[in-house]
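Letter by letter, the chains look like this.
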Amino acid sequence: MSFPSKPPMRDALVEAAFRLFLERGYEQTTVEDIVTLAGVGRRSFFRYFPSKEGVVFPDHERRLAEVTEFLSGSGRGEDPVARVCEAVRLVLRLYTDNPTFSVQRYRLTKTVPGLRAYELSVVWRYERTFAGHLRERLADRPDGALRADVIAAAVVAAHNNVLRSWLRSEGEGDAQVAVERALAYVREAFGDGGGPDRQDEDVVVVVSRRRAPMWQVVREIESALGPGEEDR
């Protein structure tokens, strides 16, 4: 007869913590309570988590490392905005792969200000990671650092809008489809790191006599631009 194996220690600690949080409340639960229920020692807890807050967000350190590695693996010719959009999809899957846990954590963080602050610090680290990648890739653009920070903030805002809506709906619906719609706005506005002053737009220079009549200047511009869509 085979018996089900025990969950790994790290998972056992998370499971014990959330069981106690739901039964007693976050503030009333101590690390000692968690390790007692999990059947391990305090040293084992701190081997996996730096604090009680850490057990509420058990996978973000690993996912942040994965996102950083993913961004560093992009090629020089690759659209940096598209790469960051792909990276934020990895973050979203951290939630959507385990809806029950994600919804429980959402309920918890809504009621505990300290956890909300911790969560915001996690979000900020993702945004800084995205911005760092974009700053490197847009360094040769006008206001490259500013562009990078604005784009990173927009990507995070798109992700967070979808995530909050999905969590409020108790994990119903397809968050991946919803985030594609949100990220489409980001790519439309900033694709290829563009936005204002995009480098791939045509620039036309027309040289005309100082006292040339305006109609002649307009005609020269039209000639330089070529036929419009309505003339084709």
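Scoring rules and cut-offs
Residues numbered from 1 in each chain as written. Predicted model: local features only at pLDDT ≥ 70, side-chain atom pairs only at ≥ 80, totals over all residues. Heavy atoms only, no water. Helix = DSSP H or I, 4+ residues; strand = E, 2+ residues; numbered from the N terminus. Expected span 1.5 Å × (residues − 1). Buried < 20%, exposed > 50% of the residue type's maximum accessible area, 1.4 Å probe, protein only. Contact = heavy atoms within 4.5 Å. Arc of directions from axis to C-beta. Salt bridge = Lys/Arg side-chain N within 4 Å of Asp/Glu carboxyl O. Phe/Tyr/Trp six-rings, centres within 6.5 Å; stacked < 30°, edge-to-face > 60°.

Per an unreviewed UniProt entry, the protein goes by the name TetR family transcriptional regulator and belongs to Streptomyces fragilis.

Draft legend 1. Spotlight on helix 7 (residues 99–111). Between the first and last C-alpha of helix 7 there are 19 Å, a value that for 13 residues agrees with the 18 Å anticipated at 1.5 Å per step. Listing the buried residues of helix 7 in full gives Phe101, Ser102, Val103, Arg105, Tyr106, Leu108 and Thr109. Next to the buried residues of helix 7 lie helix 1 (9–24), helix 4 (52–56), helix 5 (60–72), helix 6 (80–96), helix 8 (113–137) and helix 9 (144–168).

Draft legend 2. Looking closely at helix 2 (residues 31–38). All of the buried residues in helix 2 are Val31, Ile34 and Val35. What you see down the axis of helix 2 is that its buried residues fit within an arc of 90°, all on one side. Here the buried face of helix 2 lies against helix 1, helix 3 (42–48) and helix 4. The positive-phi residue at the C-terminal boundary of helix 2 is glycine 39, with phi of around 75°.

Draft legend 3. Broad picture of the pattern of salt bridges. Within the structure shown, the criterion is met by 15 salt bridges. Between aspartate 11 and arginine 10 there is a salt bridge whose closest N-O contact spans 3.9 Å. Residue classification places aspartate 11 among the partly exposed positions, given a relative accessible area of 37%. Notably, a salt bridge pairs arginine 42 with glutamate 32, separated by 3.8 Å at the nearest N-O pair. With a gap of 10 residues between them, arginine 42 in helix 3 and glutamate 32 in helix 2 connect regions that are remote in the sequence. With a relative accessible area of 41%, arginine 42 lands in the partly exposed category. Through salt bridges with shared partners, a single ionic network connects Arg10, Asp11, Asp59 and Arg62.

Draft legend 4. The arrangement of the packing of aromatic side chains in detail. Enumeration over the complete set of coordinates arrives at seven aromatic pairs. A centroid spacing of 5.1 Å and a plane angle of 80° characterise the contact between phenylalanine 45 and phenylalanine 46, whose relative ring orientation is edge-to-face. A relative accessible area of 39% places phenylalanine 46 in the partly exposed class. Note on tyrosine 48 and phenylalanine 49: the rings are 6.4 Å apart at their centroids and 45° apart in plane angle, and the pair reads as tilted. Judged by its relative accessible area of 3%, phenylalanine 49 falls in the buried class. Counting every residue linked through ring pairs, the aromatic cluster contains Phe18, Phe21, Tyr26 and Phe101.

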